[in-house]
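Notes for the structure review
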Amino acid sequence: MAVEKLHLAPARGWSGSPLLVHARRLVRTHAIRLAALYFLVFAISVLGVLLFVYWTSANFVVQQTEATLDAEIAGLAEQYAQRGLSGLIQIVAARSAGGRGDAMVYLVTDPNGRPLAGNISGWPAEVVVRSGWLSFGLERTRNGHSEIRPAWGRLFAIPGGYRLLVARDISDAAAFRGQVRATLLWAGLVALGVGLAGGTLMSRNMLRRVEQVNRTSERVMAGNLSDRVPLNGTSDEFDQLAANLNRMLDQIERLMTAMREVTDDVAHDLKTPLSRLRTRLERALHDPSADPYQRETIRAAIDEADRLLTTFNALLSIAELESGARREGAEPLDLAEVARSAAELYEPVTEEKGFVLAVKTEPGVEIRGERHLLSQALANLLDNALKYAGGGTIEIAVFRRDGQAVLEVADHGPGIPEADRQTVFDRFVRLEPSRTTPGNGLGLSLVRAIVRRHDGSVTLADNRPGLRVRLQFAALAS
Amino acid sequence: MKILVVEDDRETAAYLAKGLNESGYTVDCASDGRDGLFFASSGDYNAIILDRMLPSMDGLTVLGALRAAQIRTPALILSALGSVDDRVKGLRAGGDDYLVKPFAFSELLARLEALLRRGTGSATETKLRVADLELDLLTRTVKRRGQPIEVLPREFRLLEYLMRNAGHVVTRTMLLEHVWDYHFDPQTNVIDVHVSRLRQKIDKSFDHPLLHTVRGAGYCLRAPS
């Protein structure tokens, strides 16, 4: 069923471009949904890894800065403890002058905020004077122009209103963090791009394989029993699926062939003796010594044998039609022409039996089919109408509906109750009131077999009153 | 008239040979496809009755080989396969007529005679005559004893076929096949009504009926004896 839908949907007229149709189909397929899901999971994990890397490397720099600051502070605290404020000022002055790179920042101020020692000229503008960790902008002059650089440090209140600031210029760390961020961003983008491309490729590959399976099944269902799914030799799951399908198709083909052979054999082996039976009866009929009573009996026996053979032939025809492989006789044909020729053949007999035969046809309702088979289907429907309807109008109609070609036969007889409308197509099914009329219960089975051979459908409906049989086929473009 | 019967079932072959002999034909029998092809290749038969399913070489293959060798002897195919499809396929393969087994001998004889006549009637004749009944193929008119008779197009075709086979039995199935191109038998007696309407027109107001029903076989249009 799914195959049919896939097959029918584009035909039902998306007016968009083929590209759009393709894109829509792509979105609807399982493969693309799977690929999207995988991409999502992939993207989330890539993002997670990158965030973790970023966080740990950034944190590492912060920790290093803090460790350096702690070591400095510990050294200064020791000096202060041993030698008091003057010792502290001395060591700060020494370290400030030490030229250990310009990363460290020291400042000691008196209670009025005047600097006593340090390598910056004054209290940085926005620093709030309170103890604890703080980050601030540090104005530095380098190569003649000043710039604000980020700094991170600690402020200590020393008894007597003095203050000590120990900080570190962290512009290198910030630059490093920026570098890491940029690197990770690019790495992430590349990974996602590769992931997206890979997912699309994977899904398209999957889609292609599934499509191959679909196409093959469609062709097989269309009657090309010897078609097989191509293998690509990788022995992956798809190859295994294809191989299994092929084995299944082999088996179906074998069974079909066997059935056809059995059918042919039965036709030959059973009909030959029946043939002889009829021949002997016929010979007996022409025997000059037979009296009229014997002749009558023989004639009745021949009639009975003929009825048996009619049933037998109908069964064989149905079996052959349903086995489905051959359709070389199909050609473009006008349904109206089929209807008119059947009407022409049946018109006198319908009139004789007290019916009116009405034919309504639209011009140019063409299908691809076999005229002899369609004529036979139509004749069977007319035979049924004549047998069961009792009188009134029998209508044959040919028209187009929703892009389909329709051939309809409607009568005003008793119709068929809704509950029986499916079962009447089965072989030998005859509804209660018709059991007494002659017939073999194969007429509608044959109609259905013929319609199916044309990839069409047959439906029974209420004609209020009566029966309306509708045969629908794919119409050729007018 | 020499007829070749290619049939593997001995009893059917014997019955055919006997019946055909009684009807005045000389009959040769072949029991498989290869022999059949060998006999038929001589080209000195007036018609071939060919079973479709034969040992060694099936009937349609034999026919194909014959037609490929430019041997145009009329062939009547006999077959146990009776679907519309099979008939059409048999006719397309070069068969001139197709008869489904089992058949009434009268049907076979009627068809065989129709086949044998097909070669003789000149294609250029424009008027067909049976007694005082006349059918003009050019003006599409029918006259009896000089009086015009109105017929519908399908009745014209029906009458034409009956007249071409005048004096011989024509079966319902033959009419369905040749006049309507229907290769199956409808369950309704559609042909009988067509024939009886035609009979109304050509026989009703005349003393001697021309169109006769042959019981158990079909119809025959013939001049009063």
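Use the structure listed above.
Before going into details, it helps to say that this report is about the structure given with it. All residue numbers here refer to positions counted from 1 along the written sequence of the relevant chain. The lettering of chains begins at A and the numbering of ligands begins at 1, in the order of writing. Predicted model: local features are reported for residues with pLDDT of at least 70 only, side-chain atom pairs are reported and counted for 80 or more only, and whole-chain, interface and lining totals are derived from all residues.

Helix and strand assignments follow DSSP, with helices taken as H or I runs no shorter than four residues and strands as E runs no shorter than two, numbered in order from the N terminus. Assigned secondary structure in chain A consists of nine helices and 12 strands. Each residue is classed by its C-beta neighbour count within 10 Å, where at least 20 other C-beta atoms makes it buried, 12 or fewer makes it exposed, and intermediate counts make it partly exposed; the C-beta atoms are placed from backbone geometry. When each of the 478 residues of chain A is scored for burial, the buried share is 23%. In chain A, once contacts between residues fewer than 6 apart in sequence are set aside, the share between residues at least 24 apart is 61%. Throughout, a residue-residue contact means that the two C-beta atoms, derived from backbone geometry, are no farther apart than 7 Å.

The next point concerns the nonpolar core. Side chains that are nonpolar tend, in soluble globular proteins, to be buried together. Formed by 108 residues in total, the largest nonpolar core has its most connected members in L378(A), L382(A) and L50(B). Here this core gets nine residues from one element, more than from any other, and that element is helix 8 (residues 371–388) of chain A. Counting 20 residues, the second largest nonpolar core, distinct from the first, contains L76(A), L88(A), W152(A) and A167(A). A set of buried Ala, Val, Leu, Ile, Met, Phe, Trp, Tyr and Cys residues, joined to one another through C-beta atoms within 7 Å, is what we call a nonpolar core.

In this complex, chain B contributes 31 residues to the contact, which on the side of chain A involves 32 residues. Mapped onto the side of chain B that touches chain A, the elements with two or more residues apiece are helix 1 (10–22), helix 4 (84–92) and helix 8 (190–203) of chain B. Ranked by residue count, the leading element in the side of chain B that touches chain A is helix 8 of chain B, at four residues.

Time to look at the sheet that holds strand 12 (residues 218–221) of chain B. Residue and element names in this part refer to chain B. Think of it this way: DSSP has to see at least two bridges between two strands before they count as a pair. Here we have three strands laid out as an open sheet, ordered 10-12-11, and antiparallel in their pairing. Either end of the sheet is taken by a strand with one partner, and the two such strands are strand 10 (169–171) and strand 11 (211–214). The sheet shows a mean angle of 35° between the axes of neighbouring strands, taken without regard to direction. Of the pairings in the sheet, the one linking strand 11 to strand 12 comprises four bridges and is antiparallel in character. Each residue of the ladder has a partner; that of V214, found in strand 12, is G218. Axes, fitted as lines to C-alpha atoms, cover a helix only where it is in contact. Angles between the N-to-C directions of the axes lie from 0 to 180 degrees. Lying over the sheet, helix 7 (residues 172–179) contacts strand 10 and strand 12, oriented at roughly 75° with respect to strand 10.

The next subject is helix 7 of chain B. Helical geometry note: an α-helix holds 3.6 residues per turn, so side chains three or four residues apart project in the same direction. Residue and element names in this part refer to chain B. The element helix 7 is extensively covered by neighbouring structure, given that six of its eight residues are classed as buried. Restricting attention to buried positions, one finds in helix 7 the residues T173, M174, L175, L176, E177 and V179. Backbone geometry just after helix 7 places D181 at a positive phi near 60°.

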